[in-house]
Amino acid sequence: MDCEQFDRVALDLLYEEAEDYARGGAVQHLGHCSRCNGVYVRLKAAQALSQFPLAVPPNELSDQILMREHTARAGQGIGARMGRWVSIAAGYAMRPQVSMGALFLLMIGASLLFLQAHPGDRDSVYVTEKGVPGNESDVATSTRLSHGTPPPAPENAHGALEVRGTPSRAEPAAAAPTAGVSDATFSDGEHAFNQNHFREATELFDKLASAGGPRASEASLRAAQSDLRGRGCAAAVERFDRIYAEAPLSVSGRIAAWEAGNCYSQAGHKDRARGYFQSLAKDPLYSDRAQRSLVALEQLPNAPQGAADDASSPEPAATQTP
Amino acid sequence: MNASNNHASDNALMVRYQRGDLGAYGELVQRHLQGVFTIASYTVGGGAAAEELTLRVFAEFARRSGEFRDQIPFSTWLYRLAVSVPAPPNAQQQEAEATESVAVISTLPHEQRTVFLLKQVANLEFAQIATVIGTDVQDVKERMRKALLALQKTLQERRALGENPKRAGQHHPRG
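Residues numbered from 1 in each chain as written. Chains lettered and ligands numbered in written order. Predicted model: local features only at pLDDT ≥ 70, side-chain atom pairs only at ≥ 80, totals over all residues. Heavy atoms only, no water.

Draft legend 1. The arrangement of the pattern of salt bridges in detail. Residues and elements named next belong to chain A. One pass over the full model with this rule turns up 21 salt bridges over all chains. Arg23 is paired through a salt bridge with Asp20; the nearest N and O atoms lie 2.9 Å apart. Taken together, the positions of Arg23 and Asp20, both in helix H2 (residues 20-30) and three residues apart, correspond to about one turn of that helix. Asp20 gets classed as exposed once you look at its relative accessible area, which sits at 60%. Ionic contacts of the salt-bridge type, sharing partners, join the residues Asp206, Asp227, Arg231 and Arg239 into one network. (Salt bridge = Lys/Arg side-chain N within 4 Å of Asp/Glu carboxyl O. Helix = DSSP H or I, 4+ residues; strand = E, 2+ residues; numbered from the N terminus. Buried < 20%, exposed > 50% of the residue type's maximum accessible area, 1.4 Å probe, protein only.)

Structural data, given as structure tokens:
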């Protein structure tokens, strides 16, 4: 400790308010510094001289103080008393502990509000499968298809789910109408399909597919499905083959594979049907159905030789759709 | 009288008084009456003026009790009132009747006298005094150092002139 530091703690030392480490340093400094020793001795003497006595209040003074308090309180109106309590309450409210408590309660309350909001209670989420006709019960077995080589089974399969209002990541363009393709025309095709005007629907979707654009593949699939419903598997299966070949991992490609597999299965072309179903067996959406179809496929009799050449079918074929 | 040592129980009494307990108020008055009265006596010269000033300090204490916060020692809060309540108008006349002790202390400048009284009479720590008068601790210590040396000089001069310094130590304004 130097002299400057000692001057800062000299009065603390004098009135015994110095911390232990400061006291030790000051005492050690006093042992070898004559200047500070002189200062401290002088202060000590001044302190000793400055011991003035306490004044003794008169006995009646405390009574007067209490009387004034009593009188002042009795004379207070309701407003003044309320103000006093408000002042006290405000004093407690301004404390940091109260603020922290209020913040804690706010957080707990907000958490409870979030916990009460169950997903699905208010805003339902609709999930639809693209390109799936409503009636899955009709299975026609009389369609005759042309023979061909079964398509190679794709190694990967993506889900074909689409959340309404949210474009699919796998095929975002197919879910969102964009420039080049008229929504009204697409809607017209859907309307014609729903009215069982399959030829008209096929033509409309074919126009959209040939016009190109991001929904072209979707239009191709819908055209193939319209053709399937209107003219049967013999006419439509090549369309499905082509869609699958162009984009086997797309949503349209997966649906086309399912449609084609069913067509080939109905026609008794087990190898080609098996190829499609096996390609769908790894797809989470089609896995169960594809496995069942594979089992059912093994129970079918082999198709007669040359049956594929007789591709004309008088009745429209309804296929088992996903 | 050691206000700081009693500050925990003083604060508890003050909280009780805030809730309407007049007995707690009476207890606080008894504990601090002598300190407040002594400061008032050395400030205005004793006598009726000191009594009136003491009454005003405790009246202010009662009036502003709702503002007290339990985070500071009660003595700090009370003596802040004691040094801020203005003296009654007749205080100057009372100074003419002041005793030797009052005469010696009155030679100090106001800022030194306040610090000296809060330390010597109210026995507040330097940090508490800094809070009471609104300055930093080193400034308080410097004022106290000057006050001590000034009083020493005054007392030595009076002693050299043949006055009896012990007379200053027998100051009992009304007691």
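Draft legend 2. Layout of helix H12 (residues 251-266) of chain A. Residues and elements named next belong to chain A. The terminal C-alpha atoms of H12, which comprises 16 residues, lie 23 Å apart, in line with the 22 Å expected from a rise of 1.5 Å per residue. Most of H12 is tucked away, with 16 of its 16 residues classed as buried. After H12 finishes, the residue Gly268 shows a positive phi value of roughly 85°. (Expected span 1.5 Å × (residues − 1).)

Draft legend 3. Examining a nonpolar patch on the surface more closely. All names here are of chain A. A cluster of nonpolar side chains, namely Phe104, Leu105, Ile108, Leu112 and Leu115, defines an oily patch on the protein surface of about 550 Å² accessible area. On the secondary structure map, Phe104 appears in helix H6 (residues 96-116). The exposure class assigned to Phe104 is exposed, which follows from its relative accessible area of 52%. (Patch = residues over 30% accessible without salt bridge, like charges linked within 9 Å, V, L, I, M, F, W, Y side chains within 5 Å. Areas by Shrake-Rupley, 256 points an atom, 1.4 Å probe, with all protein chains shown as cover.)

Draft legend 4. Local environment of the packing of aromatic side chains. Counted according to the given criterion, the structure contains 17 aromatic pairs over all chains. Taking 5.1 Å as the distance between ring centres and 40° as the angle between the ring planes, the aromatic pair formed by Tyr25 of chain B and Phe61 of chain B counts as tilted. Linking Tyr25 of chain B in helix H2 (residues 22-44) with Phe61 of chain B in helix H3 (residues 47-63), this pair joins segments that are 36 residues apart in sequence. When sorted by exposure, Tyr25 of chain B lands in the same class as Phe61 of chain B, which is buried. Of the aromatic side chains, those joined through ring pairs into one cluster are Tyr17, Tyr25, Phe58, Phe61, Phe68, Phe74 and Trp77 of chain B. Taking NZ or CZ as reference, Arg222 of chain A lies 4.5 Å from the ring centre of Phe193 of chain A, over its face. (Phe/Tyr/Trp six-rings, centres within 6.5 Å; stacked < 30°, edge-to-face > 60°. Lys NZ or Arg CZ within 6 Å of the ring centre and 35° of its normal.)

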